[in-house]
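Below are the chains, spelled out letter by letter.
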Amino acid sequence: MKQILLSTLLFLSINAALCATPYNIAPQAKVTATSEYNDTYRAALACDGIIGISDRGEWASKSSVSHWGGITFPRIKLEWENERNIDRI
């Protein structure tokens, strides 16, 4: 019984840690990315507050690997109108 209770508490604490908080400033940002895979994975979805759900709230790029191993590394950029102090991501 104690193990079930501990497992439940662990699950709930992990689940709570994955939720966006009311202090999330990402939705206020202007989002740009090097590329977007398609409309389903556009860059703006990276800061919509949806996390941990497959194929929802995800950004994907058209990054590729050449035959000699060269990678086009994806990049996403968030910009705000006013300066912000960010202490965690």
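In this text the structure is predicted, and so the values were computed from the model without any measurement. (Residues numbered from 1 in each chain as written. Predicted model: local features only at pLDDT ≥ 70, side-chain atom pairs only at ≥ 80, totals over all residues. Heavy atoms only, no water.)

1. With respect to the overall build of the protein chain
- Within the protein chain, the regular secondary structure consists of 1 helix and 2 strands.
- Along the protein chain, from the amino end to the carboxyl end, the secondary structure elements read α-β-β.
- Burial analysis of the protein chain (89 residues in total) assigns 9% to the buried set.
- In the protein chain, of all internal contacts separated by at least 6 residues, the share reaching a separation of at least 24 is 52%.
- Of the roughly 7,700 Å² that the protein chain leaves accessible, carbon and sulfur atoms contribute 57%. (Helix = DSSP H or I, 4+ residues; strand = E, 2+ residues; numbered from the N terminus. Buried < 20%, exposed > 50% of the residue type's maximum accessible area, 1.4 Å probe, protein only. Contact = heavy atoms within 4.5 Å. Areas by Shrake-Rupley, 256 points an atom, 1.4 Å probe, with all protein chains shown as cover.)

2. Some details on the pattern of salt bridges
- All chains considered together, the criterion is met by 1 salt bridge.
- For the salt bridge of E79 with K77, the shortest nitrogen-to-oxygen distance reads 3.8 Å.
- On the basis of relative accessible area, K77 is assigned to the partly exposed category, the value being 41%. (Salt bridge = Lys/Arg side-chain N within 4 Å of Asp/Glu carboxyl O.)

3. With respect to the environment of E36
- Examined against the element boundaries, E36 turns out to sit in the loop between β1 (30-33) and β2 (76-79).
- Sequence spacing of E36 and A60 is 24 residues, and the spatial spacing of their C-alpha atoms is 5.8 Å.
- Setting aside residues no more than four positions away along its own chain, E36 makes contact with Y41, R42, A43, W59, A60, S61 and K62.
- In this structure the side chain of E36 is engaged in a polar contact, spanning 2.7 Å, whose partner is the backbone nitrogen of A43. (Polar contact = N/O pair within 3.5 Å; in protein donor to acceptor, adjacent residues only side chain to side chain.)

4. Section: the side chain of S61
- Here S61 lies in the loop between β1 and β2.
- Within the structure, the side chain of S61 is placed 3.2 Å from the backbone nitrogen of S63, a separation counted as a polar contact.
- Leaving out residues up to four positions away in the same chain, S61 has contacts with S35, E36, Y37 and P74.

5. Focus: the packing of aromatic side chains
- If you walk through the whole model with that rule in mind, you get 1 aromatic pair.
- Seen in terms of ring centroids, Y37 and Y41 are 6.2 Å apart; in terms of plane orientation they differ by 65 degrees. Their pairing is edge-to-face. (Phe/Tyr/Trp six-rings, centres within 6.5 Å; stacked < 30°, edge-to-face > 60°.)

6. Some remarks on a nonpolar patch on the surface
- A grouping of V65, I71 and F73 is seen on the molecular surface, where their side chains present a nonpolar patch of about 340 Å² in accessible area.
- A relative accessible area of 41% places I71 in the partly exposed class. (Patch = residues over 30% accessible without salt bridge, like charges linked within 9 Å, V, L, I, M, F, W, Y side chains within 5 Å.)

7. Things to note about the environment of A60
- Its place among the elements puts A60 in the loop between β1 and β2.
- The exposure class assigned to A60 is partly exposed, which follows from its relative accessible area of 23%.

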